[in-house]
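Read off the chains here:
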Amino acid sequence: MIIIIKFLDLQSQYASIREEVDSAIQSVLVNASFIGGAELTAFETEFAAFQGAAHCVGVGNGTDALEIALEALDLPPGAEVIVPANSFIASSEAVTRSGLRVVFADVNPDTYLLDLGDVKRRLTPRTKALVVVHLYGNPCDMDAVLAFAKEHGLRVIEDAAQAHGAEWRQRRVGAIGDIGTFSFYPGKNLGAYGDGGAILTNDGTLAKKARMIANHGRVAKYDHEFEGRNSRLDGLQATILRVKLRHLDGWIGRRNAIARQYIEGLIGVGDLILPQLPQADSRHAFHLFVVRTASRRALAHHLEAAGIQTGRHYPVALPKLAAYRYLGEVDVTMFANQADQYLLSLPIGEHLADEDVHEVIRAISGFFARAEGLEATDDEAITR
Ligand SMILES: Cc1ncc(COP(=O)(O)O)c(C=O)c1O
């Protein structure tokens, strides 16, 4: 029998909160509060409180959130913005689309997060900001980031699309730097039932600017101070997110428990390099559990045959994408430009029972035990 262990299971999540979600949706329909309205305001207040930020602006998606945040910072046209080479394209796309120049820097091989040592080598007098991505839900060392930014006069944008609820030294990420952005894409730890995004900041002036940019440059209905755009988190998504926000801490707790099970069960297995748990006063949100192995492709096939779904984040490092050919030759010495071939994301989420996690561990251990057995046989054949 083929066991199906899903990478993501939004249907089972919905089943677990169905009554709450259905009644919340019903009330938005009855009140016809589709754009703006009480649900949006309540979600913005609750999400800001949850993340420990002074201001939250709901927007259309995480990519818009990044573009609007960059625009609100008002960097000089053509300024260079450093972006980690391992992320989703939105992290860099938003820079270019805001009239700024992307400069990729490497990520740390232990954390996959922006490597400040490499950033330092890529600074020029035109560098004005850093996009730090709390990739996979792993919080960046924000003390180091802020000290570095201060030393070099840089603004800090936190791309927290994958890191709702993640904490650096007991502070939730997103408003530790100048401005932070979130995605509520359905598969995220806090996901809407469509697109959604948010911007967080503790700076009231930046928050006001971001809100105006997202709303045609206006505060009052036809009072447009400048040309902005239309990027909205709608009432239905806001009400769904309010329901899910009440469960988020529990879901992240479950993700952490699964991560610990994986780490205990897989330590020393084959050539696997496992994610590290953050220090005790920080919290990984484990949006993704990414391992590294030279046998990535064979392991993924083995797991697929065993009914276990996996993912790749990301199969091609950003500087190697056709979209960035214009930047010139790819720096093949970068860890990120090599590691993309070895990364494999295992299933993680509150949809998994302990037995599922044990099954994944058994299947991976079996794969490497067989591989080692085959190698031993080959060696014997050679020596005989
Ligand atoms: C790191 C990162 N940044 C930005 C985004 C963009 O978010 P959205 O898909 O909501 O536009 C994503 C979404 O996948 C992401 O993973």
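This structure is a prediction, so every number in the text was calculated from the model and none was measured. (Residues numbered from 1 in each chain as written. Predicted model: local features only at pLDDT ≥ 70, side-chain atom pairs only at ≥ 80, totals over all residues. Heavy atoms only, no water.)

Some points on the packing of aromatic side chains
Step number 1: A complete count under the given rule lists 13 aromatic pairs for this structure.
Step number 2: On the numbers, 5.6 Å between centres and 65° between planes, the contact of Tyr112 with Tyr136 is edge-to-face. Of this pair, Tyr112 sits in the loop between strand 3 (101-105) and helix 5 (116-122) while Tyr136 sits in the loop between strand 4 (127-133) and helix 6 (142-152), and the two are 24 residues apart along the sequence.
Step number 3: Given a relative accessible area of 4%, Tyr136 falls into the buried group.
Step number 4: Seen from their ring centres, Phe367 and Phe368 are 5.0 Å apart, and the 85° between their planes marks the pair as edge-to-face. For the pair Phe367 and Phe368, a shared accessibility class is recorded, and that class is buried.
Step number 5: Ring-pair connections join several aromatic residues into one group, and the members of that group are Phe43, Phe47, Phe182 and Phe184. (Phe/Tyr/Trp six-rings, centres within 6.5 Å; stacked < 30°, edge-to-face > 60°. Helix = DSSP H or I, 4+ residues; strand = E, 2+ residues; numbered from the N terminus. Buried < 20%, exposed > 50% of the residue type's maximum accessible area, 1.4 Å probe, protein only.)

Observations regarding the site of the ligand
Step number 1: If you check the shell around the ligand, you find 14 residues, and the closest are Gly62, Thr63, Asp159, Ser183 and Lys188.
Step number 2: Separating a nitrogen atom of the ligand from a side-chain N or O atom of Asp159 is a distance of 2.7 Å.
Step number 3: Within the contact set of the ligand, an oxygen atom lies 2.7 Å away from a side-chain nitrogen or oxygen of Lys188.
Step number 4: Notes on the ligand: free accessible area 380 Å², of which the protein chains cover 92%.
Step number 5: Listed by contribution, the elements that provide at least two residues to the shell around the ligand are helix 3 (62-73) and helix 4 (90-97). (Near = heavy atom within 4 Å. Polar contact = N/O pair within 3.5 Å; in protein donor to acceptor, adjacent residues only side chain to side chain. Areas by Shrake-Rupley, 256 points an atom, 1.4 Å probe, with all protein chains shown as cover.)

A short note on the domain arrangement of the protein
Step number 1: Examined at the domain level, the protein breaks down into domain 1 (10-243) and domain 2 (248-383).
Step number 2: Here the C-alpha centroids of domain 1 and domain 2 sit 27 Å apart.
Step number 3: In this assembly, 43 residues from domain 1 lie in contact with 34 residues from domain 2.
Step number 4: For the pair domain 1 and domain 2, the summed buried area comes to about 3,300 Å², and 57% of that belongs to carbon and sulfur atoms.
Step number 5: A per-residue breakdown of the area domain 1 buries against domain 2 is headed by Tyr112, Tyr136 and Asn189, which together make up 21% of the total.
Step number 6: Our count for the domain 1 to domain 2 interface comes out at three salt bridges.
Step number 7: Where domain 1 touches domain 2, the interface holds 24 residue pairs in polar contact (both at pLDDT 80 or more).
Step number 8: For the side of domain 1 that touches domain 2, the elements supplying multiple residues, two or more each, are helix 1 (10-31), helix 4, strand 3, helix 5 and strand 6 (167-168).
Step number 9: Here the side of domain 1 that touches domain 2 is built from residues that sort into 19 nonpolar, 15 polar and nine charged. (Domains from an automatic or database assignment. Contact = heavy atoms within 4.5 Å. Buried area = accessible area lost by both parts, 1.4 Å probe. Salt bridge = Lys/Arg side-chain N within 4 Å of Asp/Glu carboxyl O. Nonpolar A, V, L, I, M, F, W, Y, C, P; charged D, E, K, R; others polar.)

A word on the pattern of salt bridges
Oppositely charged side chains can form a pair if their charged atoms are brought close together.
Step number 1: Summed over the entire model, instances satisfying the criterion amount to 23 salt bridges.
Step number 2: Residue Arg229 pairs with Glu67 through a salt bridge whose shortest N-O separation is 3.0 Å. Placement of Arg229 in the loop between helix 7 (204-213) and helix 8 (235-266) and of Glu67 in helix 3 is noted, with a sequence separation of 162 residues between them.
Step number 3: Using a relative accessible area of 22% as the deciding quantity, one classes Arg229 as partly exposed.
Step number 4: Residue classification places Glu67 among the buried residues on the basis of a relative accessible area of 11%.
Step number 5: The partner of Arg126 in a salt bridge is Glu80, and the shortest N-O contact between them spans 2.9 Å.

As for unusual backbone geometry
Step number 1: Look at the link from His313 to Tyr314: it is a cis peptide, with omega at 10°.
Step number 2: If you trace the backbone, Tyr314 turns up in the loop between helix 9 (296-305) and helix 10 (335-339).
Step number 3: One non-glycine residue, Tyr112, lies in the positive phi region at around 65°.
Step number 4: Given the relative accessible area of 6%, Tyr112 is considered buried.
Step number 5: A positive phi angle, close to 45°, is found at Arg169, a residue other than glycine.
Step number 6: Its location among the elements puts Arg169 in the loop between strand 6 and strand 7 (171-172).
Step number 7: The exposure class assigned to Arg169 is partly exposed, which follows from its relative accessible area of 40%.

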